[in-house]
Amino acid sequence: MTWYIEGDISTCFDSLSHDILLDTLAEHIHDGRFLRLIRELLKAGYLEDWKWNRTYSGAPQGSIIGPILSNIYLSKLDAYVEETLIPAYTKGDRREANPAYSRLNNTIRRKRKQGKVEEVKRLEKQRRALPSVDPYDPNYRRLRYCRYADDWLLGFIGTRAEAEEIKSQIGTFLTEHLKLELSKTKTLITHARTEKAHFLGYEISTFQRDDARERTYYKRRVLNGKVELSLPTQVIQEQSQRYMKGNKPGLDPEKCRR
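Throughout what follows, the structure given in this document is the object of discussion. Remember, predicted model here, so these are calculated numbers, not experimental data. Residue indices follow the written sequence of each chain, beginning from 1 at its first position. This being a predicted model, a pLDDT of at least 70 is required before a residue's local features are given, and a value of 80 or more before pairs of side-chain atoms are given or counted; all residues contribute to the totals for chains, interfaces and linings. As a convention, hydrogens and water are excluded, and side-chain values are obtained from all of the structure's heavy atoms.

Overview of a nonpolar patch on the surface
The condition is simple: Patch criteria: residues need more than 30% relative accessible area and no salt bridge. Like-charged residues are merged within 9 Å; nonpolar side chains of Val, Leu, Ile, Met, Phe, Trp and Tyr are merged within 5 Å. Where accessible areas are quoted, they stem from the Shrake-Rupley method and a 1.4 Å probe; at the residue level, only the protein chains shown are allowed to cover. Here, a salt bridge means any side-chain nitrogen of Lys or Arg that lies within 4 Å of a carboxyl oxygen of Asp or Glu. Numbered from the N terminus, helices here are DSSP runs of H or I no shorter than four residues, and strands are runs of E no shorter than two. Any residue under 20% of the maximum accessible area for its type is buried, any over 50% is exposed, and the rest in between are partly exposed; the area is computed with a 1.4 Å probe on protein chains only.
Among the surface-exposed residues, Tyr148, Leu200, Tyr202, Leu229, Leu231, Val235 and Ile236 lie close enough to one another that they form a single nonpolar patch of about 660 Å² accessible area. Along the chain, Leu231 falls in the loop between strand 9 (227–230) and helix 8 (233–240). A relative accessible area of 43% means that Leu231 is categorised as partly exposed.

Following this line, the structure appears as structure tokens:
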């Protein structure tokens, strides 16, 4: 992936339109009694300081049915991304070969035949800093999508301008079809190789280590370009404090047993 689009919907569960939710349920459920029961549940209101308040939108918070209704509502977003955006931003079977890598590869092969060992080592070191395929191939695009509740993440191979375009299209769809809005402060576009996206408490990036050994069992640098999942440094430090004493490891046997 080249870019990660971190998505967050502003006050999602409080902003769900009852009409849209009931229409979505009615597309697959044709039991009027069941739909009426859901409608009465949504319109039941809530108590605050023993005062009844009317509910105009949103799914019941704290109810076991709240997450189910929210997921049914947001399935419209899933369908839009999977059926419209992903086909539109997916093309090419594979990336083209990197011309610079290919030229250097041919030079190394020729020098090896000539027995120039030291020169081959120097050229191989240069080759390790180059990708074998063209990372900016204009004829290769990929879009991947994952959602959990109201948080979602898109992985995109393409240009920054196209990533901005995708973000804008999702924002327009949410506003026009679901009456929801993207959070301007939490919906971010992150460069996958130099920055880390945040999703469900984890840091997500794309692995890129040009100083790693070039050849492995698979005869290539298999880790470069793979998704890297890690814990935020702050979380690790906070968890470690339970076993620290004076900024040094000070294990309490009682804590270890727990």
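Structure's up, so let's keep going.
Regarding a positive patch on the surface
Selection criterion: As used throughout, the charge tally considers Lys and Arg to be positive and Asp and Glu to be negative, leaving His and the chain termini uncounted. To locate a charge, take NZ of a lysine, CZ of an arginine, CG of an aspartate or CD of a glutamate.
Taken together, the side chains of Arg36, Arg39, Lys43 and Arg54 make up a positively charged region of the molecular surface. As for its placement among the helices and strands, Arg36 is situated in helix 3 (residues 32–42).

So, helix 2 (residues 18–26)
Spelled out, the test is: In what follows, residue pairs with any heavy atoms lying within 4.5 Å of each other are defined as contacts.
All buried positions along helix 2 are accounted for by His18, Ile20, Leu21, Leu22, Thr24 and Leu25. Considering only its buried residues, helix 2 is in contact with helix 3, helix 4 (65–88) and helix 7 (160–178).

Details of the packing of helix 2 against helix 4
We count it as follows: Axis geometry follows a simple rule: fit a line to the C-alpha atoms, using only the stretch in contact for helices, then measure angles between N-to-C directions, giving values from 0 to 180 degrees. Any angle that falls under 35 degrees is termed roughly parallel, while one over 145 is termed roughly antiparallel, one within 65 to 115 roughly perpendicular, and all others oblique. All residues other than Ala, Val, Leu, Ile, Met, Phe, Trp, Tyr, Cys, Pro, Asp, Glu, Lys and Arg, Gly among them, are scored as polar; the first ten of these are nonpolar and the last four charged.
Between helix 2 and helix 4, the shortest axis-to-axis distance is 10 Å and the interhelical angle comes to 85°. Relative to helix 4, the element helix 2 lies roughly perpendicular. Of the residues in helix 4, those touching helix 2 at Ile20, Leu21, Thr24 and Leu25 are Leu69, Ile72, Tyr73 and Lys76. For the contact of helix 2 with helix 4, the per-class residue count stands at 6 nonpolar, 1 polar and 1 charged.

Observations regarding the packing of helix 2 against helix 3
Formally: Handedness of a crossing follows from how the near helix is turned relative to the far one, being left-handed for an anticlockwise turn of less than a right angle and right-handed for a clockwise one.
Two elements in contact, helix 2 and helix 3, have axes separated by 11 Å at closest approach and are oriented at 160°. In terms of axis orientation, helix 2 runs roughly antiparallel to helix 3. Note on packing geometry: the crossing formed by helix 2 with helix 3 is right-handed. Side by side, helix 2 and helix 3 meet where His18, Leu21, Leu22, Leu25 and Ala26 of the first sit next to Leu35, Ile38, Arg39 and Leu42 of the second. Class assignment of the residues belonging to the contact of helix 2 with helix 3 gives a composition of 7 nonpolar, 1 polar and 1 charged.

Brief notes about the sheet that holds strand 7 (residues 197–199)
Neighbouring strands of a sheet are bound in pairs by backbone hydrogen bonds; such pairs are parallel or else antiparallel. The following threshold applies: Paired strands, in this sense, are two strands between which DSSP finds at least two bridges.
Spatially, 3 strands are ordered 7-8-9 in an open sheet, and the strand pairing comes out antiparallel. If you trace the sheet from one side to the other, it starts and ends with strand 7 and strand 9, each paired once. Each strand of the sheet is rotated relative to its neighbour by a mean of 35°, with strand direction disregarded. As paired strands, strand 8 (residues 202–206) and strand 9 are joined by 4 bridges and run antiparallel to one another. Within the sheet, the bridge partner assigned to Glu203 lies in strand 9 and is Ser230.

Brief notes about the pattern of salt bridges
Scanning the entire structure with this criterion turns up 10 salt bridges. Taking the shortest distance from any N to any O, the salt bridge between Glu27 and Lys76 comes out at 2.8 Å. Separated by 49 residues along the polypeptide, Glu27 in the loop between helix 2 and helix 3 and Lys76 in helix 4 bring together distant segments of the chain. Using a relative accessible area of 43% as the deciding quantity, one classes Glu27 as partly exposed. A relative accessible area of 27% means that Lys76 is categorised as partly exposed. Glu162 is paired through a salt bridge with Arg141; the nearest N and O atoms lie 2.8 Å apart. Here Glu162 is found in helix 7, whereas its partner Arg141 is found in the loop between helix 6 (117–128) and strand 4 (142–148), with 21 residues between them in sequence. Residues participating in the shared-partner salt-bridge network are Lys111, Glu119 and Arg122.

Re the packing of aromatic side chains
Going by this rule: Working definition: a ring pair exists when centres of Phe, Tyr or Trp rings (six-membered ring for Trp) sit within 6.5 Å. Plane angles under 30 degrees give stacked, over 60 give edge-to-face, the rest tilted.
Considering all chains together, one arrives at 2 aromatic pairs under this definition. Centroid distance Tyr80 to Phe173: 4.2 Å. Interplanar angle 5°. Geometry classified as stacked. Residue Tyr80 is found in helix 4, and its partner Phe173 is found in helix 7; the two are separated by 93 residues along the sequence. The burial state of Tyr80 is the same as that of Phe173; both residues are buried. Centroid distance Tyr89 to Phe156: 5.9 Å. Interplanar angle 85°. Geometry classified as edge-to-face. Here Phe156 lies in strand 5 (residues 151–157) and Tyr89 lies in the loop between helix 4 and helix 5 (99–113), a separation of 67 residues in the sequence. By relative accessible area, Tyr89 is classed as buried at 8%.

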